[in-house]
Amino acid sequence: MQKKIILFIVALLFAIGSYFFEQHAPQTQTNSAEADYVLEFPSSKYPQTAEHIRSAIAKGQPAVCTIDRKGADENREQSLKGVPTKPRYDRDEWPMAMCKEGGTGADIAYISPSDNRGAGSWIANQVDEYPDGTRVKIVVK
């Protein structure tokens, strides 16, 4: 019985540690003029979003997001204007709507809702404590 309790506690601690590691990706504060922080985006967890980020940056979109939560609704409206919805797909924006760089001219890709919403939630969780104006460089890993 005591062995089972010990195994349960070890498994629980491992699960908690794994959750924390997945939810809090490596972030590096930088002294770069380009960004205040670098955030490593997990391509294995959100592959469609990761591919869209890579593709959009390769086409000239910025890799740095200046957080502007207040401008998100307007940016989303502008970036998705004229882009029709498709059944079973979300319209993913890069730069994201919560970035000052988002809005008109953003790159749009159709991706699965679970990948898009999971990635959006993941990024929001990572930058939750950063104030508006913080510059975050997104690096796809």
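Preceding this section is the structure that the text describes.
Residues numbered from 1 in each chain as written. Predicted model: local features only at pLDDT ≥ 70, side-chain atom pairs only at ≥ 80, totals over all residues. Heavy atoms only, no water.

*Asks:* Help me get a handle on the overall build of the chain, residues and values and all.
*Replies:* Regarding its fold elements, the chain presents 4 helices and 6 strands. For the chain, the α and β elements follow one another from N to C terminus as α-β-β-α-β-α-β-β-α-β. Out of the 141 residues belonging to the chain, those deemed buried represent 38%. Contacts in the chain between residues far apart in sequence, at least 24 positions, make up 73% of those at least 6 positions apart. (Helix = DSSP H or I, 4+ residues; strand = E, 2+ residues; numbered from the N terminus. Buried < 20%, exposed > 50% of the residue type's maximum accessible area, 1.4 Å probe, protein only. Contact = heavy atoms within 4.5 Å.)

*Asks:* Tell me about unusual backbone geometry, and please be specific about residues and values.
*Replies:* With omega at 0°, the peptide bond leading from Trp94 into Pro95 counts as cis. Assignment of secondary structure puts Pro95 in the loop between β4 (90-94) and β5 (107-111). A positive phi angle, near 70°, is found at Arg88, a position not held by glycine. Looking at where Arg88 falls in the secondary structure, it is placed in the loop between α3 (72-80) and β4.

*Asks:* I'd love a proper account of the packing of aromatic side chains, names of residues and values included.
*Replies:* Aromatic ring pairs are defined here through the distance separating the ring centres and the angle between the ring planes. As enumerated under the stated definition, the model contains 3 aromatic pairs in all. Between Tyr37 and Tyr130, the aromatic rings sit 4.2 Å apart at their centres with planes inclined by 15°, giving stacked as the arrangement. With Tyr37 in strand β2 (residues 37-41) and Tyr130 in the loop between α4 (113-127) and β6 (135-140), this residue pair connects regions lying 93 residues apart in the sequence. Among the aromatic residues, ring-to-ring pairing joins Phe41, Tyr46 and Trp122 into one connected group. When the ring centre of Tyr110 is taken as origin, the NZ or CZ atom of Lys86, which lies over that ring, is 4.3 Å away. (Phe/Tyr/Trp six-rings, centres within 6.5 Å; stacked < 30°, edge-to-face > 60°. Lys NZ or Arg CZ within 6 Å of the ring centre and 35° of its normal.)

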